[in-house]
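Letter by letter, the chains look like this.
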Amino acid sequence: MTLTLHEEAVIRFVDVCVSFAGRMQENIVLDQANFTVPKGKTTVIAGGSGQGKSVILKLILGLLRPNSGQVLVGEKNIATMGYAQLQEQRMRFGVLFQGSALFDSLTVFENIALPLRERTSMRNEEIVAKVQTTLKQLELGGHEDKYPAQLSGGMKKRVGLARALQLDPEIVLFDEPTTGLDPVMTREIYELFTQTQQRLGYTAVIVSHDIPQIFSLADQIILLNKGELDVFTNPSQIPLSSKTKIREFARLVLGYEETKG
């Protein structure tokens with residue numbers, strides 16, 4: 001059973017199909033995918049390697065076009081936009097990349113300020129004030145003159161998030177945000193995500209392999225498996241699925257006992 005939230009949808013996938021040509025056969029990544037991302041909530045996208053998690057983020061950003069179907073942000077179809085429209089639409093997004101994607105030659109301050117310098121007409125004093133506010137909010141004070149090589153993995157994630165938030169995005173996309181972090185640091189980053197979203201109210205879409213820990217952040221969970229997509233509003237609903245593969249996932253990965261019918 002596919003479950004959906006009833007809040008206002010900020011992103012909608014409508015009959016989205018994505019496939020790539022393989023040596024022996026076509027590789028179907030998404031097969032008639034339908035789901036919504038509710039405004040102001042956290043949607044977690046989980047699944048095995050190669051199941052299409054990052055493909056969904058690329059579709060939302062317009063970096064990849066579906067074979068068919070619609071990818072709607074608001075009421076606008078990303079899949080049919082030209083370059084100029086896409087650039088304007090991407091101003092609505094912040095992105096925290098898997099490796100934080102910081103520029104090694106720039107200080108923490110300049111990495112965070114970069115979107116403001118490239119995408120706005122703000123005066124330098126305005127940029128300095130905004131970055132300093134963000135540094136304080138994300139507990140990065142005292143690190144602004146450091147370079148990425150001088151930072152721990154957790155601090156790099158904080159800087160990446162700070163940069164992603166500079167344009168006050170409506171939607172923040174997280175691509176495997178805790179890769180390479182130890183369990184303690186992972187928990188701290190999750191707490192940071194929760195606090196930041198509660199304070200700023202953006203919509204979060206998180207792609208992660210960190211199961212089941214990542215589910216603690218989720219208002220909605222999307223599981224991907226061989227082109228199929230299942231949506232849940234609570235991890236406890238997963239073992240109640242009518243699909244054998246989903247129940248097996250719940251047993252092996254989430255630790256639920258098989259429910260006897």
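Our structure's up above, just so we're on the same page.
The structure displayed is predicted, hence computed values, not measured ones.

Q: What should I look at first to understand helix H1 (residues 53-61) in this one?
A: Side chains three or four residues apart in an α-helix point the same way, a direct result of the helix having 3.6 residues per turn. Counting buried residues along H1, 7 of its 9 residues qualify, which places the element largely inside the surrounding structure. Once H1 finishes, Gly62 follows within two positions and takes phi at roughly 75°, a positive value.

Q: What exactly am I supposed to notice about the packing of aromatic side chains here?
A: The description of two aromatic rings rests on the distance between their centres and on the angle between their planes. Under the counting rule described, the total for this entry stands at 2 aromatic pairs. Here Phe13 and Phe35 contribute two aromatic rings whose centre-to-centre distance is 4.4 Å and whose plane-to-plane angle is 25°, an arrangement assigned as stacked. Taken together, the residues Phe13 in strand E1 (residues 9-20) and Phe35 in strand E2 (residues 27-38) connect sequence positions 22 residues apart. For the pair formed by Phe13 and Phe35, the shared burial category is buried.

Q: Teacher, can you tell me more about helix H5 (residues 153-164) here?
A: Taking 1.5 Å of rise per residue, 12 residues should cover 16 Å, and H5 covers 17 Å from first to last C-alpha, within 8% of that figure. Taken across its 12 residues, H5 has 10 buried, putting it largely inside the fold. Among all positions of H5, only Gly154, Met155, Lys157, Arg158, Val159, Gly160, Leu161, Ala162, Arg163 and Ala164 are buried. Those residues of H5 that are buried are in contact with strand E6 (93-96), helix H3 (108-119), helix H4 (124-137), strand E7 (171-175) and helix H6 (183-200).

Q: Please explain the environment of Glu170 as it appears in this structure.
A: Here Glu170 is to be found in the loop between H5 and E7. Relative accessible area serves as the criterion here: at 42%, Glu170 is assigned to the partly exposed category. It is 8.4 Å that separates the C-alpha atoms of Glu170 and Gly40, two residues lying 130 residues apart in sequence. Setting aside chain neighbours within four positions, we find Glu170 in contact with Arg92, Tyr202 and Thr203.

Q: Looking at this model, I keep getting lost on the sheet that holds E1. Mind explaining?
A: Backbone-to-backbone hydrogen bonds pair the strands of a sheet. The strands run either parallel or antiparallel. One open sheet holds the 4 strands; their spatial order is E2-E1-E4-E5, and the pairing between them is antiparallel. The two strands at the open ends of the sheet, each matched to only one other strand, are E2 and strand E5 (76-77). Sheet topology places strand E4 (residues 68-73) next to E5; 2 bridges connect them, and they run antiparallel. In the sheet register, Leu72 faces E5, and the bridge partner there is Asn77. In this fold H1 packs onto E1, E2 and E4, with an angle of close to 115° to the strand it touches most, E1.

Q: What am I meant to see in unusual backbone geometry here?
A: With glycine set apart, most residues show a phi of negative sign, and most peptide bonds adopt trans. Cis peptide bonds are those with omega within 30 degrees of zero, and the linkage from Ile211 to Pro212 qualifies with 0°. Inspection of the secondary structure assignment puts Pro212 in the loop between strand E8 (203-207) and strand E9 (220-225). Phi is positive for Asp15, close to 50°, though the residue is something other than glycine. The residue Asp15 is located in strand E1 in this model. The exposure class of Asp15 is partly exposed, given its relative accessible area of 36%. Even without glycine at this site, Asp168 takes up a positive phi of about 50°.

Q: Would you take a moment to explain the pairing of strand E3 (residues 42-47) for this structure?
A: On a regular strand, each side chain points to the face opposite its neighbour's, so the side chains alternate between the two faces of the sheet. Taking burial as the measure, the 6 residues of E3 include 6 buried ones, the bulk of the element. With 4 bridges connecting them, E3 and E8 associate as parallel partners. By the bridge assignment, Ile45 is partnered in E8 with Val207. Pairing of E3 with E9, which is carried by 5 bridges, proceeds in the parallel orientation. Within the sheet, the bridge partner assigned to Gly47 lies in E9 and is Leu224.

Q: For this particular structure, what's the right way to read the sheet that holds E6?
A: Ordered by their spatial adjacency, 6 strands build an open sheet running E6-E7-E8-E3-E9-E10, and the pairing between neighbours is mixed. Unpaired on one side and paired on the other, E6 and strand E10 (228-232) mark the two borders of the sheet. Across the sheet, the axes of successive neighbouring strands diverge by a mean angle of 15°, strand direction being ignored. In this sheet, E8 lies alongside E7 in parallel orientation, the contact comprising 5 bridges. Residue pairing across strands places Ile171 opposite Thr203, the latter belonging to E8.

Thresholds, definitions, all that
Residues numbered from 1 in each chain as written. Predicted model: local features only at pLDDT ≥ 70, side-chain atom pairs only at ≥ 80, totals over all residues. Heavy atoms only, no water. Buried < 20%, exposed > 50% of the residue type's maximum accessible area, 1.4 Å probe, protein only. Helix = DSSP H or I, 4+ residues; strand = E, 2+ residues; numbered from the N terminus. Phe/Tyr/Trp six-rings, centres within 6.5 Å; stacked < 30°, edge-to-face > 60°. Expected span 1.5 Å × (residues − 1). Contact = heavy atoms within 4.5 Å. Pairing = 2+ DSSP bridges. Axes fitted to C-alpha atoms, helices over the stretch in contact; angles between N-to-C directions.

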